[in-house]
Amino acid sequence: MVWVTLAAVAFGLVVLDVVIQAALVRLIVPWFENGPPFQVPFSEEDGRAEKIEIETADGLVLQGSLFHHEGFTPRGVIIFCHEFTGSHWTAMAYCEGLYRAGFDILSFDFRNHGDSDVQDGYVPLHWISEHEMTDVQAAIDYTAARPELSGLPIGLFGVSRGGGAALVATAQNAAVEAVCSDGGYGTKTLMQFHTPRWALLVVPAWVYRLIPWWHSLVTLALVRWWSQKRRGVAFTQVERWLPRLGSRDVLLVSGGSDNYVTPKVTRTLHEMIGGDVESPWIVPRAKHNRSRAVDNDAYDMRLVEFFGGMPGAQPVPEPVVSVASGRTDPSNLADPATVVVD
């Protein structure tokens, strides 16, 4: 009788836990799917760019732009992955210094963003899905196949959601020489960081302190599973791919005043990568996506130095003058031999 009673109690507790988990999942999923109010830079159409179209493996057409240097060999090509709700025209809000330093910049609108095709039935979130990864791969393939870009070293540069996509795409593509992620994140990492905040909206603090961490992880996994199931899309497991970047050139950037993708989140991604990857660059006083706005000179020079170290990157043309000063712009020079950067 004792064992029967214990078994009945255990079964009852399991049933109660399942009911509670189901209730929590239904409560948390709307918060999980509700994107924060990201501050996206306003950018108008730029006459320096050539408008391009990129076809994806699943038949959609992505609109984009190519900032290409004529008359001299670019140092490399940087593929820019914009933030959630951004567009390919936001690229130069982050990449202007790279362009002035002699790099070509290729940017594109993710599906269901900007002027790119809309996939029926798909509503993108601030979480990276398999569809965004298909788009980044299409941009890489387009770059490698375009004659005037062929042979140039390829770097990926992404901001926020685009930063996470850039990290995964680099891990999946040996052809990518270097990757910079500014404010990038993984779904699991970010969820776990914000769990205490979410939990206190549901249960009192003293109750939350009694819940084992493993139990919270189960709840988070169920939230992701249910969201994917009802949306018919798989979220990309960024954390799964990070260890493959341990031997690659990676630069992680984080705003010191970023309350969403905090420096702690960025450092966690860095630990997951391991290897010899340099420590994250934490930009003091910068909020999410606003590191360049705080100090554009330092930002530009850091990125130029990083991508300038890619294997196969073209040397800096002489004479050398500060790119941060903006005194010269390769796109306006009659003689490409006078492109000046540092």
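Residues numbered from 1 in each chain as written. Predicted model: local features only at pLDDT ≥ 70, side-chain atom pairs only at ≥ 80, totals over all residues. Heavy atoms only, no water.

(A) Representation of the sheet that holds strand 8 (residues 281-283). Read from one edge of the open sheet, eight strands run 1-2-4-3-5-6-7-8, paired in mixed fashion. A single partner strand is all that each edge strand has here, and the edge strands are strand 1 (50-55) and strand 8. Across the sheet, the axes of successive neighbouring strands diverge by a mean angle of 20°, strand direction being ignored. Pairing of strand 7 (residues 249-255) with strand 8 involves three bridges; the strand directions are parallel. In the sheet register, Ser254 faces strand 8, and the bridge partner there is Ile282. (Pairing = 2+ DSSP bridges. Helix = DSSP H or I, 4+ residues; strand = E, 2+ residues; numbered from the N terminus. Axes fitted to C-alpha atoms, helices over the stretch in contact; angles between N-to-C directions.)

(B) Structural context of helix 3 (residues 130-145). Under the 1.5 Å per step criterion, the end-to-end length of helix 3 is 23 Å for 16 residues, consistent within 8% with the ideal 22 Å. Of all the positions in helix 3, only His131, Glu132, Met133, Asp135, Val136, Ala138, Ala139, Ile140 and Thr143 are classed as buried. (Expected span 1.5 Å × (residues − 1). Buried < 20%, exposed > 50% of the residue type's maximum accessible area, 1.4 Å probe, protein only.)

(C) Spotlight on the packing of helix 2 (residues 92-100) against helix 11 (residues 296-308). The contact between helix 2 and helix 11 brings their axes to 9 Å, and the two run at 60°. When the axis of helix 2 is compared with that of helix 11, the two are oblique. The two elements helix 2 and helix 11 meet at a crossing, and its hand is right-handed. Here helix 2 contributes Tyr94, Gly97 and Leu98 to the contact with helix 11, which in turn contributes Tyr299, Asp300, Leu303, Val304 and Phe307. Of the residues contributing to the contact of helix 2 with helix 11, the split by class is six nonpolar, one polar and one charged. (Parallel < 35°, antiparallel > 145°, perpendicular 65-115°, else oblique. Left-handed = near helix turned anticlockwise from the far one by under 90°. Contact = heavy atoms within 4.5 Å. Nonpolar A, V, L, I, M, F, W, Y, C, P; charged D, E, K, R; others polar.)

(D) Spatial organisation of helix 4 (residues 161-172). An ideal rise of 1.5 Å per residue puts 16 Å on 12 residues; helix 4 measures up with 17 Å between its terminal C-alpha atoms. A large share of helix 4 lies buried, amounting to 11 of its 12 residues. Those residues of helix 4 lying buried are Arg161, Gly162, Gly163, Gly164, Ala165, Ala166, Leu167, Val168, Ala169, Thr170 and Ala171. Buried positions along helix 4 lie against strand 3 (77-81), helix 3, strand 5 (154-159), strand 6 (176-182), helix 8 (238-241) and strand 7.

(E) Fine view of the layout of surface pockets. For the second largest pocket, the calculated volume is near 230 Å³. Around the second largest pocket, the lining is made up of 15 residues, and of these Trp31, Asn34, Pro36, Trp198 and Tyr260 lie nearest the centre. Mapped onto the lining of the second largest pocket, the elements with two or more residues apiece are helix 1 (2-33) and helix 5 (187-199). Per-element tally for the lining of the second largest pocket: the top contributor is helix 5, with five residues. Each residue belonging to the lining of the second largest pocket can be placed in one class, and the counts come to 10 nonpolar, four polar and one charged. (1 Å grid on protein atoms, 1.4 Å probe; cavity = no way out; pocket = protein on both sides within 12 Å on 5 of 7 lines; lining within 4 Å. Points joined across faces, edges and corners; volume = space filled by probe spheres on them.)

(F) Spatial organisation of the environment of Gly114. Here Gly114 shows up in the loop between strand 4 (104-108) and helix 3. Along the primary structure Gly114 and His88 are separated by 26 residues, whereas in three dimensions their C-alpha atoms are 7.6 Å apart.

(G) Main features of the confidence of the model for the protein. The predicted model of the protein has a mean per-residue pLDDT of 87, with 87% of residues at 70 or higher. Under a pLDDT of 50 for its full length, residues 319-342 has, in the predicted model, 54 contacts with residues more than four places off or in other chains. (pLDDT = per-residue confidence, 0-100.)

(H) Fine view of the nonpolar core. In terms of nonpolar packing, the biggest core is built from 37 residues, with Ile54, Ile79, Leu106, Phe108, Val136, Leu156 and Val250 touching the most fellow members. Filtering out sequence-adjacent residues up to four positions away, Ile79 remains in contact with Leu106, Phe108, Ala139, Ile140, Thr143, Ile154, Gly155, Leu156 and Phe157. (Core = buried A, V, L, I, M, F, W, Y, C linked by side-chain atoms within 4.5 Å.)

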